[in-house]
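Listed below are the residues making up each chain.
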Amino acid sequence: MSAHHLQSGRHDRLRDAGTLNMLPAAIVLLDTQGTIVAANESWERVASASGWPGDRHRVGCNYLQGCDTVGVHPNGTHVAHGIRRILDGTIRDFSCEYMMPGPVPPRWLRVIVAPLRVGECLQAVVLHLDISDLKQAEAARRGSEARLRALVDTAVD
């Protein structure tokens, strides 16, 4: 079996909705032009909650154009630029953290983009991980440190 066939077979398995839906991250697979060729159910929920207008987050739509036009998401163009650099082979990995507008408390996501070689073409796997618990824990730790510092400063006075 050729390496190309193995890569193609792996890609087909990744595109399988059942496989993608088993994974906890919100995932989209993009072709060389940034068009969504597969997405899991988690992505559907995240994209809808993130304010992606209409059906721009669905299979067949261009993810990069969606990032470029989502006005409520200030990091959209930054993420699109990172993905374009993955797709043209300039970089091998990209990640970005951002706060998702919407419900209180705010939700934080980390976007991780990795290249996926399919034959001679570079495609991209885009993962969206909910890191809200981590961000809330960091904020709580900073608050505790500030209270402890204030207590120590007061005690010294």
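Here we summarise the structure given alongside this text. Just so you know, the residues in each chain are numbered from 1, in the order the chain's sequence is written. The predicted origin of the model limits local features to residues at a pLDDT of at least 70 and limits the giving and counting of side-chain atom pairs to 80 or more, whereas totals for whole chains, interfaces and linings rest on all residues. Calculated side-chain values reflect all of the structure's heavy atoms, with hydrogen atoms and water omitted.

1. As for helix α5 (residues 76–87)
The numbering of helices and of strands both runs from the N terminus, where a helix is a DSSP run of H or I of at least 4 residues and a strand a run of E of at least 2. Each residue after the first adds 1.5 Å to the expected span of a helix. Compared with an ideal rise of 1.5 Å per residue, which puts 12 residues at 16 Å, α5 spans 16 Å between its outermost C-alpha atoms and is within 8% of the ideal. Whether a residue is buried, partly exposed or exposed follows from its accessible area with a 1.4 Å probe, protein chains only, as a fraction of its type maximum: under 20%, in between, or over 50%, in that order. For α5, every residue scored as buried is listed here: Gly76, Val79, Ala80, Gly82, Ile83, Ile86 and Leu87. In an axial view of α5, the angular spread of the buried residues amounts to 160 degrees, which keeps them on one side of the axis. Residues of α5 that are buried make contact with β1 (26–30), α4 (63–69), β3 (94–100), β4 (107–118) and β5 (121–130). Each direction from the helix axis to a C-beta atom contributes to the arc, which is the arc of those directions. A contact between two residues is defined here by any heavy atoms of the two lying within 4.5 Å.

2. Topic: the pattern of salt bridges
Here a salt bridge means any side-chain nitrogen of Lys or Arg lying within 4 Å of a carboxyl oxygen belonging to Asp or Glu. In total, this model carries four salt bridges according to the counting rule given. Across the salt bridge formed by arginine 58 and glutamate 44, the nearest N and O atoms sit 2.4 Å from each other. On the criterion of sequence distance, the pair formed by arginine 58 in the loop between α3 (41–50) and α4 and glutamate 44 in helix α3 is long-range, its members being 14 residues apart. Overall, the relative accessible area of 36% leaves arginine 58 in the partly exposed class. The shortest N-O distance in the salt bridge between arginine 107 and aspartate 130 comes to 3.4 Å. Residue arginine 107 is located in strand β4, and its partner aspartate 130 is located in strand β5; the two are separated by 23 residues in the primary sequence. Relative accessible area serves as the criterion here: at 23%, arginine 107 is assigned to the partly exposed category. Overall, aspartate 130 belongs to the partly exposed group, its relative accessible area being 46%.

3. Description of the environment of threonine 90
Inspection of the secondary structure assignment puts threonine 90 in the loop between α5 and β3. For threonine 90, the side chain forms a polar contact with the side chain of aspartate 88, separated by 2.3 Å. As used in this structure description, the phrase polar contact means that two N or O atoms lie within 3.5 Å; if the pair is within protein, one of them must be able to donate a hydrogen and the other to accept it, and residues adjacent in sequence are counted only when both atoms belong to side chains.

4. Some words on the state of the cysteines
Simply put, disulfide is the name for a covalent bond between the sulfur atoms of two cysteines. Disulfides are defined as cysteine sulfur pairs within 2.5 Å. Following the criterion strictly, the structure yields zero disulfides and no others. The thiol of cysteine 67 is not disulfide-bonded; the next cysteine sulfur, from cysteine 96, is found 9.9 Å away. A relative accessible area of 5% places cysteine 67 in the buried class.

5. Examining the nonpolar core
Core analysis: the largest hydrophobic core is formed by 26 residues, its most contacted members being Val28, Leu30, Trp43, Tyr63, Ile83, Val113 and Val126. It is α5 that provides the largest number of residues to this core, a total of five residues. Not counting chain neighbours up to four residues away, the residues in contact with isoleucine 83 comprise Leu30, Tyr63, Leu64, Val113 and Val126. Side-chain atoms within 4.5 Å are what join buried Ala, Val, Leu, Ile, Met, Phe, Trp, Tyr and Cys residues into a set we call a nonpolar core. Judged by nonpolar contacts, the second largest core, of nine residues, contains Ala25, Leu116, Val118 and Val125.

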